[in-house]
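Notes for the structure review
Take a look at the letters that make up each chain.
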Amino acid sequence: MRINGIKYRTIWFENNTVKIIDQTKLPHKFIIKDLKTVSDAINAIKVMEVRGAPLIGATAAYGMVLSIIENNDQSFLKKSAQDLINSRPTAINLKWAVDRMTKKLSGVNSEKILELALNEANEICEEDIKFCENIGLNGLKVIEEIYNKKKDTVNILTHCNAGWLATIDWGTATSPIYHAHQKGIKVHVWVDETRPRNQGANLTSYEFNEEKIPNTVITDNAGGILMQRGQVDMCIVGTDRTLSNGDVCNKVGTYLKALAAKDNNVPFYVALPSSTIDWNIKDYKQIPIEERNSDELSYVEGIDKDNKVTKVRIYPPKSKAMNLAFDITPAKYVSGLITEKGICEASERGLKGLFK
Ligand code: MRU
């Protein structure tokens with residue numbers, strides 16, 4: 001995807017350093033940051049300089065590479081793996097990527113370990129790009145179908161950022177939109193602001209602007225009225241963990257959008273690569289839901305009239321705040337799962353049909 005017309009990936013490896021786009025600075029500043037140690041990678045995930053399920057998985061994979069560069073020792077690598085997994089609890093891609101690296105590297109004591117690690121981390125990224133591209137091609141069919149019936153702009157609502165900034169390239173929920181736009185289908189996206197960190201307003205809208213895709217930021221609570229007015233043709237969101245029964249864990253607020261979509265007969269799709277499927281947990285109540293610092297709610301950051309980024313408190317210091325970062329949308333509210341292998345019903349039968 002492009003920033004100022006220049007093609008970028010969200011993460012890459014160069015001169016023993018992992019390069020990331022610091023997402024805490026977007027949309028006001030575009031800063032490429034260096035990660036040189038495993039602690040740098042852990043911190044980048046924790047403070048959300050990198051975020052989005054597939055991208056935190058890729059960062060953790062490169063974190064394992066950094067761990068080897070720092071100290072080529074199996075017990076250090078084991079500890080790094082655990083610390084990386086613990087850096088954020090909800091997105092399953094993090095554990096998936098670290099487990100994949102561990103399987104490749106455990107017990108390897110030769111000099112070859114660094115080459116093996118780098119190849120595997122690069123492979124995780126290449127695979128994610130291919131998967132996201134295929135998600136786009138598969139999801140494009142749904143948008144095309146609506147466009148062929150409507151013969152007018154397709155209005156799509158999305159929540160949070162499941163765009164290329166959350167992956168390596170293309171994004172998951174955004175990939176069908178990028179593909180539709182490239183094919184000349186008229187699309188317009190309602191972008192949920194996504195309080196408290198505003199990933200929709202700060203990141204999704206930013207990347208659509210860069211790709212010249214018409215979009216409008218709305219408050220998180222506006223989706224319902226827009227659906228009642230017939231101004232939303234479909235919803236597409238991403239996910240941090242989808243269970244084998246089709247239940248979807250995603251950014252808090254997704255569930256309420258799915259309920260409104262159901263009540264208004266608006267198709268509600270979830271886009272995901274297979275690395276986001278948790279085949280082990282059977283009950284959504286077992287998914288660890290991240291609770292982040294309440295300061296993320298009570299302070300907002302923006303740019304002032306002198307072009308300076310400033311942070312201000314928006315409610316009384318005595319008010320208590322709770323910051324749950326994710327929620328669960330039960331499978332019954334999901335019209336379909338858009339994966340790299342095709343679109344399936346949000347159910348065990350649907351998922352197992354695609355992923356044997
Ligand atoms: O807290 P975040 O910004 O990491 O949450 C991201 C999301 O909820 C995305 O929708 C999800 O990771 C899918 S990314 C393709």
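Residues numbered from 1 in each chain as written. Predicted model: local features only at pLDDT ≥ 70, side-chain atom pairs only at ≥ 80, totals over all residues. Heavy atoms only, no water.

This part covers the overall build of the protein. Within the protein, the secondary structure is distributed over 11 helices and 18 strands. Overall, the protein is about 60 × 55 × 40 Å in size when its C-alpha atoms are taken along their principal axes. Residues counted as buried form 54% of the 356 residues belonging to the protein. Total accessible area on the protein is roughly 15800 Å²; 50% of this is exposed by carbon and sulfur atoms. A distance of 3 Å separates the average location of the 47 positive side-chain charges in the protein from that of its 44 negative side-chain charges. (Helix = DSSP H or I, 4+ residues; strand = E, 2+ residues; numbered from the N terminus. Buried < 20%, exposed > 50% of the residue type's maximum accessible area, 1.4 Å probe, protein only. Areas by Shrake-Rupley, 256 points an atom, 1.4 Å probe, with all protein chains shown as cover. Lys, Arg positive; Asp, Glu negative; His and termini not counted. Charge placed at Lys NZ, Arg CZ, Asp CG, Glu CD.)

Before going further, it helps to examine the site of the ligand. Neighbouring the ligand are 18 residues; Arg51, Arg88, Gln199, Asn250 and Lys251 lie closest to it. Between the ligand and Gly52 there is a distance of 3.0 Å, counted from an oxygen atom to a backbone nitrogen or oxygen. The contact in question runs from an oxygen atom of the ligand to an N or O atom on the side chain of Asn250, over 2.7 Å. When the ligand sits alone it has 410 Å² of accessible area, and the protein chains cover 100% of it. At the level of elements, α2 (53-70) and β11 (248-251) are the ones that each hand at least two residues to the shell around the ligand. By residue class, the composition of the shell around the ligand is 7 nonpolar, 7 polar and 4 charged. When residues of the shell around the ligand are sorted by domain, at least three fall in each of domain 1 (2-127) and domain 2 (137-354). (Near = heavy atom within 4 Å. Polar contact = N/O pair within 3.5 Å; in protein donor to acceptor, adjacent residues only side chain to side chain. Nonpolar A, V, L, I, M, F, W, Y, C, P; charged D, E, K, R; others polar. Domains from an automatic or database assignment.)

What follows is about the pattern of salt bridges. Tallying each qualifying case throughout the model produces 23 salt bridges. We note a salt bridge from Asp169 to Lys7, for which the minimum N-O separation is 3.6 Å. A residue pair is termed long-range when its members are at least 10 positions apart, and Asp169 in the loop between β6 (154-158) and α6 (175-182) and Lys7 in strand β2 (residues 6-7) qualify at 162 residues. Between Arg292 and Glu290 there is a salt bridge, with the nearest N and O atoms lying 2.7 Å from each other. Residue classification places Glu290 among the buried positions, given a relative accessible area of 7%. In the salt-bridge network here, residues are joined through shared partners; they are Arg88, Arg197, Glu290, Arg292 and Glu296. (Salt bridge = Lys/Arg side-chain N within 4 Å of Asp/Glu carboxyl O.)

For the pair helix α3 (residues 74-86) and helix α4 (residues 92-105), the least separation of the axes is 9 Å and the interaxial angle reads 165°. When the axis of α3 is compared with that of α4, the two are roughly antiparallel. Crossing of α3 against α4: the hand is left-handed. Across the interface between the two elements, Gln74, Leu77, Ala81, Leu84 and Ile85 of α3 pack against Leu94, Lys95, Val98, Asp99, Thr102 and Leu105 of α4. (Axes fitted to C-alpha atoms, helices over the stretch in contact; angles between N-to-C directions. Parallel < 35°, antiparallel > 145°, perpendicular 65-115°, else oblique. Left-handed = near helix turned anticlockwise from the far one by under 90°. Contact = heavy atoms within 4.5 Å.)

Let us now look at helix α9 (residues 254-263). An α-helical segment advances 3.6 residues per turn. Residues three or four places apart therefore align on the same side. Of the positions making up α9, those classed as buried are Thr254, Lys257, Ala258, Ala260 and Ala261. Buried residues of α9, seen end-on, are gathered within an arc of 165° and therefore sit on one face of the element. In this structure, α9 carries Leu256 and Asp263 as exposed residues pointing more than 90 degrees from its buried face. Phi turns positive, to about 55°, at Asn265, one or two residues after α9. (Arc of directions from axis to C-beta.)

Moving on: the domain arrangement of the protein. When cut into domains, the protein gives domain 1 (2-127) and domain 2 (137-354). Put simply, the middle of domain 1 and the middle of domain 2, counted by C-alpha atoms, are 24 Å apart. Contacts between the two partners involve 33 residues from domain 1 and, on the opposite side, 35 residues from domain 2. Between domain 1 and domain 2, the buried area comes to about 2900 Å², and carbon and sulfur atoms account for 54% of it. The tally of links from domain 1 across to domain 2 stands at 3 salt bridges. Between the two partners, domain 1 and domain 2, sit 17 residue pairs in polar contact (both at pLDDT 80 or more). Only β1 (2-3), α2 and α4 provide two or more residues apiece to the side of domain 1 that touches domain 2. (Buried area = accessible area lost by both parts, 1.4 Å probe.)

This part covers the nonpolar core. Across soluble globular proteins, nonpolar side chains have a tendency to be buried as a group. Of all hydrophobic cores here, the largest spans 73 residues; its most connected members are Ile11, Leu84, Met101, Ile143, Ile177, Val187 and Ile236. Among the elements that take part in this core, helix α5 (residues 113-150) stands out by supplying 12 residues, more than any other. Each of domain 1 (2-127) and domain 2 (137-354) contributes no fewer than three residues to this core. Membership of the second largest hydrophobic core comes to 26 residues, among which are Val248, Ala261, Val270 and Tyr333. (Core = buried A, V, L, I, M, F, W, Y, C linked by side-chain atoms within 4.5 Å.)

Here we take up the state of the cysteines. Evaluation of the coordinates by the stated rule reveals 0 disulfides. No disulfide involves Cys132; its nearest neighbouring cysteine sulfur is the one of Cys125, lying 11 Å away. For Cys132, a relative accessible area of 0% puts it in the buried group. (Disulfide = S-S within 2.5 Å.)

Along the chain, Glu193 falls in the loop between β7 (187-192) and α7 (199-210). When the C-alpha positions of Glu193 and Arg100 are compared, they lie 34 Å apart, and in sequence the two are 93 residues distant. The contacts of Glu193, once residues within four sequence positions are left out, are Asn198, Gln199, Gly200, Ala201, Val217, Ile218, Thr219 and Asp220.

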